[in-house]
Amino acid sequence: MRARYAIDNSVRYLLLFSALISIFIVFLIGLFTLREGWAAFRGIGLVQLLAGHVWRPGREEFGLLAMIAGSVLVTIGAVALGVPLALGGAVFLAEVAPRRARDLVRPAVELLAGIPSVVYGLFGMVVLVPLVRRIPVPGNTGYGLLSASIVLAVMILPTITNIAEDAIRAVPKEYKEGSLALGTTYWQTIVGVILPAARSGIVAAIILGLGRALGETMAMIMVIGNSVIIPRPLNANPLTLFLSQARTLTGNIAVEISYATGLHESALFATGVVLFVLIMLINSLARLLMRRRVS
Amino acid sequence: MYQRNRALIGVGLLILVLMVTVVACQSTPTKPAETTPASAPTGLSGSISVAGSTTVQPLAEKLAEAFNAQHPDVQIDVQGGGSSVGVKSAGQGTVDVGMASREVKQSELDEYPDLRVLTIARDGIAIVTHPDVPVDGLTKEQVKGIFAGDVTNWSEVDGPDKPIVIVAREEGSGTRAAFEEMVMGGEEGPAIADTAILQPSNGAVRTTVSTTPDSIGFLSFGYLDQSVKALAIDGVEATEANAASGAYPIVRPLNMMIKGEPSGVVKAWLDFILSDAGQAIVREEGYIAVK
């Protein structure tokens, strides 16, 4: 009996140790990124770095506004395209699908999460970009926010679908039964009772997907064009904004880090800090919403 | 049953940890094993650290490999980092040999007066278009105008009435730096247009140009293939022969830099690179030999 407790205890410490390691690593990465980026924050200034719209390292000009705009816009695009699909999928899986359909669809969705980023990028580059290029707008090269948003929308599908499905399943059966007993149709019950009851979980799912979208790098580099410009509409139609090329914060780091030295390198780490803070904010928001659901 | 399972898992975990610990302990001996001085036929031994341009890197690795075959006791460690890193680390003496895929700038020579520059090979930069673009040649000035964003339609350079799509490399790339230096006019010249699609490697530029109608880009000669069309510049075809003869105007040097006069193993390796055997490897890798 005693030996068994000894084992239990040692396992407990072992698990505690594993948990502490992840905190330690996050802390170290944050510290290191901040330290490396510090020279840029000091030398360039926070305001200039965040609000400057010219990024030309060769001429010592470092403004991240174009990249921040790129990241935000592509994320908005991905959410706009991906969330309706993901929610539809989640409702289908949780409420509508017969068991056999579910057994087919769910692994397929999960498989999406396992496809390497670079494969999405390649698919985007050789299939999506030529398709997008067919939209007859002068200046449309196919590379840009729309292609990137579509790729990203598919990439965040599994995250949102899985968490939203869990949230929908967690809605007490009594709600559904009560609603149906009042004579509503199934569809009315889903829209009027189940989805509102699962709302906070669904919002958390969307925000987690958003975090994933912001952090995506490789696929973005391959389809977004990487031009350092603040996206603007190509003609009078404001929607052509999404045909414009752009560069994301993550892409900025990945594209330039192998050559950067001195202030340029530091500015790239500062880009990392900006990204780190953005993603941390988004994740805390998701956590907050998830906690509210539990209580 | 449940209890027993838990105990089993616990024991399993413990064993795993023990195993990892033991293995980890074994693999951290007190000191790295002394390098046994094997009786090398040449007697040369030592180590060379090399860093810099990612364009020169694969070539340097091949040259290191071949040298190593003759002198097994010489360790050559080749790292990337980019041309600027190559100049800087050679100038500061943090590596024995730096690599750059462009001319060393005057400002860099001023900063590191001890720097010796050795051109080990040359590489042409081809201006390429999508294969369906019916333009076969441009002047250097026209190329400059296109990349600066002043010429935006193929009709301005005797092509069809189609907007030009510019594809370029990212800031910091040696290929881009060399292109800017030789075509755009260096520091005083115009910058490459903001609207250019930027791709982070020669391979990605080639894929982009080959799949984007009406596009134009630039590529290291080593990356040319059937998927893109190389343009004649100032009437000279982009071929290795023309680049070697000096007729083709956009050719950059691949440089190795050292601080002060080379000696010992470093000198031996550099001599090897410029020897017939070394230059043969340069040719094999698709670059233009200097000897």
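Here the structure is shown first, and the text comes after it.
Okay, so let's go over this structure. Nothing here was measured: the structure is a model prediction, and the numbers come from that model.

Okay, the interface of chain A and chain B next. Facing 28 residues of chain A, the contacting portion of chain B comprises 35 residues. The junction of chain A with chain B conceals about 2600 Å² of combined surface from both sides, 60% of it contributed by carbon and sulfur atoms. Inspection of the region where chain A meets chain B yields 1 salt bridge. With a shortest N-O distance of 3.0 Å, B:Asp194 and A:Arg56 are connected by a salt bridge. The tally of links between chain A and chain B comes to 6 residue pairs in polar contact (both at pLDDT 80 or more). Those elements giving two or more residues to the side of chain A that touches chain B turn out to be α1 (2-44), α5 (117-133), α10 (218-224) and α11 (249-256) of chain A. No other element matches α1(A), which puts 6 residues into the side of chain A that touches chain B. In terms of residue class, the side of chain A that touches chain B is made up of 12 nonpolar, 9 polar and 7 charged.

In this section: the pairing of strand β3 (residues 97-100) of chain B. Looking along a regular strand, one sees side chains alternate from face to face of the sheet. All names here are of chain B. A two-sided burial pattern is seen for β3, the buried positions comprising Val97 and Met99 on one face and Gly98 and Ala100 on the other. For strand β1 (residues 46-52) and β3, the ladder comprises 3 bridges, and the chain directions are parallel. The residue of β3 that forms the bridge with glycine 52 is methionine 99. Relative to strand β11 (residues 251-259), β3 runs antiparallel, the two sharing 3 bridges. In the sheet register, methionine 99 faces β11, and the bridge partner there is methionine 256.

Residues and elements named next belong to chain A. For the structure shown, the criterion picks out 16 salt bridges over all chains. Notably, a salt bridge pairs glutamate 36 with arginine 35, separated by 2.9 Å at the nearest N-O pair. Between glutamate 216 and arginine 212 there is a salt bridge whose closest N-O contact spans 4.0 Å. The buried category is assigned to glutamate 216, whose relative accessible area is 7%.

The next thing to look at is the side chain of A:Asn226. Looking at where A:Asn226 falls in the secondary structure, it is placed in the loop between α10 and α11. There is a polar contact of 3.0 Å between the side chain of A:Asn226 and the backbone oxygen of A:Ile221. Polar side-chain contacts of A:Asn226 include one of 2.8 Å to the backbone oxygen of B:Leu198. Not counting residues up to four positions away in its chain, the partners in contact with A:Asn226 are A:Ile221, A:Ala246, A:Arg247, A:Val255, B:Leu198, B:Gln199 and B:Pro200.

Attention now moves to unusual backbone geometry. Despite not being glycine, A:Asn226 shows a phi value in the positive range, around 60°. Phi at B:Asp214 is positive, roughly 65°, even though this residue is not glycine. For B:Asp214, the location among the structural elements is in the loop between α7 (202-211) and β8 (215-220).

Here we come to the packing of aromatic side chains. According to the stated counting rule, one finds 7 aromatic pairs over all chains in the structure shown. Plain terms: the ring middles of A:Phe32 and A:Phe269 are 5.7 Å apart, the flat faces sit at 85° to each other, and that makes the pair edge-to-face. Here A:Phe269 lies in helix α12 (residues 262-294) and A:Phe32 lies in helix α1, a separation of 237 residues in the sequence. Residue classification places A:Phe32 among the partly exposed residues on the basis of a relative accessible area of 42%. Accessibility expressed as a relative area gives 19% for A:Phe269, which makes it buried. Residues B:Phe147 and B:Phe218 carry aromatic rings whose centres are separated by 5.7 Å and whose planes lie at 50° to one another, so their mutual orientation is tilted. One end of the pair, B:Phe147, is in helix α5 (residues 140-148); the other, B:Phe218, is in strand β8, with 71 residues separating them in the sequence. As far as burial versus exposure is concerned, B:Phe147 and B:Phe218 are alike and both buried. Three or more aromatic residues joined by ring pairs form one cluster here, namely B:Phe147, B:Phe179 and B:Phe218.

The rules we used
Residues numbered from 1 in each chain as written. Chains lettered and ligands numbered in written order. Predicted model: local features only at pLDDT ≥ 70, side-chain atom pairs only at ≥ 80, totals over all residues. Heavy atoms only, no water. Contact = heavy atoms within 4.5 Å. Buried area = accessible area lost by both parts, 1.4 Å probe. Salt bridge = Lys/Arg side-chain N within 4 Å of Asp/Glu carboxyl O. Polar contact = N/O pair within 3.5 Å; in protein donor to acceptor, adjacent residues only side chain to side chain. Helix = DSSP H or I, 4+ residues; strand = E, 2+ residues; numbered from the N terminus. Nonpolar A, V, L, I, M, F, W, Y, C, P; charged D, E, K, R; others polar. Buried < 20%, exposed > 50% of the residue type's maximum accessible area, 1.4 Å probe, protein only. Pairing = 2+ DSSP bridges. Phe/Tyr/Trp six-rings, centres within 6.5 Å; stacked < 30°, edge-to-face > 60°.

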